[in-house]
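Spelled out from the first residue to the last, the chains are:
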Amino acid sequence: MEKYCLIPQPIHPCGIERLRAHGITPAVGVEACRAAPADRVVAAIYRSGQFSRTEMAQLPSLCAIGVHGVGIDGIDVDAADALGIAVFNTPEMNTRSVAEHALALMFALTKRIPAADSALRTGHFAFKYEGGLRELQDAQLGVIGFGAIGRATATLARGLGMQVQVLTRRPVADIAAMGLRQADSLSALLANSDIVSLHLPSLPETRHIIDARALAQMKLSAYLINTSRGALVDEAALADALTRGAIAGAGLDVFQQEPVLRDNPLLGLPNVVLTPHIAASTEQAMTRMANAAVDGVLRVLAGEPPASLVNPAVWPRRRQP
């Protein structure tokens, strides 16, 4: 019987080719996923979007759901667990790419690159006399969350000569050994940072960790960077703060709702740099994530646990291919 793997959003061609080489037909794109025979779908690889209990229940042969990246907030893991479906993600495959993007947003803001590009294209060469540009060396960077991407961002920033403080529960001695400082509290980090970079998962306790109160604790000259999860930031509060000049600017790659609605007030603000969730979309990261996702699918179908199983309790009672 022909087996299918649902891939609603495209992944790197190397992953598609490997699935085909192992006798699995990739259904790439939303329409192809809808057209795939429900009883022959054995796996799915998701980059974004929602995978609900209702959708899972319609796929009686589904054994594995692979997340192309780290965040699993779009997957109903409880439903998968109840149905005996293994869920895994692909952590640390995009670490370098996302960390570099965080730095790129910092450069774009402090060097006013989007505004400078627009000025030159419209004949405003005198933009060079307006000022407002900054160096990153010696700037105070506050890193909230110290997983793999937070650590990589801190390391790159230190290489640029930035002073880095982090908010984490790791031992102070470990942080000091990396040449970093540990912030006493979120409030202290916000108040002392020239740039604040978010690197937290989307959890109930992290939702809107940056709200109106948090933004009010930041310097008027500070920038906010978010390459992590859109739910971490109260976008209405951020738009208000940016409009009032309560902070200098923001660089965002992730949003509360994606695709971003055209009436999102952030789209019309000149002191924000926006990118469409592309931090992890480098050629290198896409290759690594596609291969890791396909590895996970092949391992589950071969009766072996994937490298990063999100719901390990399901394994002894998992569906069999």
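Note that the coordinates shown come from a computational prediction; the quantities given were computed from them, not determined experimentally.

It is worth spelling out the pattern of salt bridges at this point. Enumeration according to the criterion identifies 10 salt bridges in this entry. Salt-bridge contacts for Glu 31 lead to Arg 34; the nearest nitrogen and oxygen are separated by 2.8 Å. In this pair, Glu 31 and Arg 34 both sit in helix H2 (residues 30-35), 3 residues apart, roughly one turn of the helix. The exposure classification of Glu 31 matches that of Arg 34, with both residues exposed. Between Asp 240 and Arg 244 there is a salt bridge; the shortest N-O distance is 2.8 Å.

Time to look at the environment of Ala 43. Position of Ala 43 among the secondary structure elements: in strand E3 (residues 41-46). Taking the C-alpha atoms as reference points, Ala 43 and Ile 278, separated by 235 residues in sequence, lie 25 Å from one another. Discounting chain neighbours no more than four positions away, the residues touching Ala 43 are Tyr 4, Cys 5, Leu 6, Leu 62, Ala 64 and Val 297.

Listed under "domain: D-isomer specific 2-hydroxyacid dehydrogenase NAD-binding" (unreviewed entry) in the UniProt record, and renumbered for this structure, are residues 103-279. Secondary structure content for residues 103-279 is 32% helix and 15% strand, while the C-alpha to C-alpha distance between its ends is 10 Å.

On to the UniProt feature "domain: D-isomer specific 2-hydroxyacid dehydrogenase catalytic" (unreviewed entry) in the protein, then. Within the UniProt annotation, "domain: D-isomer specific 2-hydroxyacid dehydrogenase catalytic" (unreviewed entry) is assigned to residues 38-311. Helix makes up 35% of residues 38-311 and strand 15%, with an end-to-end C-alpha separation of 23 Å.

Bringing the side chain of Gln 165 into the picture now. Within the secondary structure, Gln 165 sits in strand E7 (residues 163-167). Within the structure, Gln 165 has its side chain in polar contact with the side chain of Ser 193 (distance 3.1 Å). The contacts of Gln 165, once residues within four sequence positions are left out, are Leu 141, Gly 142, Val 143, Arg 181, Ala 183, Leu 189, Asn 192 and Ser 193.

Strands sit in the order E2-E1-E3-E4-E5 across an open sheet of 5 strands; the sheet is parallel. Among the strands making up the open sheet, the edge pair consists of strand E2 (24-28) and strand E5 (86-88). Neighbouring strand axes in the sheet, compared pairwise and without regard to direction, differ in orientation by 20 degrees on average. Both strand E4 (residues 64-67) and E5 contribute to a ladder of 3 bridges, which runs parallel. Following the sheet pairing, Gly 66 is matched in E5 by Phe 88. Sheet strands in contact with helix H1 (residues 13-21) are strand E1 (3-7) and E2, and its direction is about 145 degrees off that of E2.

A few words now on the nonpolar core. Membership of the largest hydrophobic core comes to 28 residues, with the highest contact counts inside it found for Ile 210, Leu 224 and Leu 238. For this core, the secondary structure elements donating two or more residues are helix H9 (186-192), strand E9 (195-198), helix H10 (212-216), helix H11 (235-244) and strand E11 (249-252). For this core, the element with the most residues is H11, which contributes 5 residues. Contact partners of Leu 224, with chain neighbours within four places excluded, come to Val 196, Leu 198, Ile 210, Met 218, Val 233, Leu 238, Ile 247, Gly 249, Ala 250 and Gly 251. Counting residues in hydrophobic clusters, the runner-up holds 24 residues, among them Ile 7, Ile 24, Val 42 and Phe 88.

Cis geometry marks the peptide bond from Glu 258 to Pro 259; its omega dihedral reads -5 degrees. Within the element layout of this structure, Pro 259 appears in the loop between E11 and strand E12 (272-274). At Arg 112, a position not held by glycine, the phi torsion is positive, near 55 degrees. Within the element layout of this structure, Arg 112 appears in the loop between helix H5 (95-110) and helix H6 (113-121). Even without being a glycine, His 277 presents a positive backbone phi close to 55 degrees. By relative accessible area, which is 33% here, His 277 ends up partly exposed.

For the rest of this paragraph, the subject is the environment of Asp 184. Take Asp 184: it is sitting in the loop between strand E8 (181-182) and H9. The exposure class of Asp 184 is exposed, given its relative accessible area of 77%. A sequence separation of 18 residues divides Asp 184 from Val 166, and the C-alpha atoms of the two residues are 9.1 Å apart.

Moving on, we get to the domain arrangement of the protein. Partitioning the protein into structural domains gives domain 1 (3-89 + 283-314) and domain 2 (94-274). For domain 1 and domain 2, the distance between their C-alpha centroids amounts to 32 Å. With 7 residues of domain 1 at the contact, the number on the domain 2 side is 4 residues. Buried area between domain 1 and domain 2, summed over both chains or domains, comes out near 450 Å², and the portion from carbon and sulfur atoms is 46%. The largest per-residue losses of area from domain 1 upon contact with domain 2 belong to Asp 73, Ala 285 and Arg 288, which jointly make up 56% of the total buried on that side. Here domain 1 is connected to domain 2 by 1 salt bridge. Of the charged contacts in the structure, one is a salt bridge between Asp 73 and Arg 229, with a shortest N-O distance of 3.4 Å. At the junction of domain 1 and domain 2, the tally comes to 1 residue pair in polar contact (both at pLDDT 80 or more). Considered class by class, the residues forming the side of domain 1 that touches domain 2 number 3 nonpolar, 2 polar and 2 charged.

Analysis parameters
Residues numbered from 1 in each chain as written. Predicted model: local features only at pLDDT ≥ 70, side-chain atom pairs only at ≥ 80, totals over all residues. Heavy atoms only, no water. Salt bridge = Lys/Arg side-chain N within 4 Å of Asp/Glu carboxyl O. Helix = DSSP H or I, 4+ residues; strand = E, 2+ residues; numbered from the N terminus. Buried < 20%, exposed > 50% of the residue type's maximum accessible area, 1.4 Å probe, protein only. Contact = heavy atoms within 4.5 Å. UniProt positions renumbered as here; feature names shortened; annotations may be inferred. Polar contact = N/O pair within 3.5 Å; in protein donor to acceptor, adjacent residues only side chain to side chain. Pairing = 2+ DSSP bridges. Axes fitted to C-alpha atoms, helices over the stretch in contact; angles between N-to-C directions. Core = buried A, V, L, I, M, F, W, Y, C linked by side-chain atoms within 4.5 Å. Domains from an automatic or database assignment. Buried area = accessible area lost by both parts, 1.4 Å probe. Nonpolar A, V, L, I, M, F, W, Y, C, P; charged D, E, K, R; others polar.

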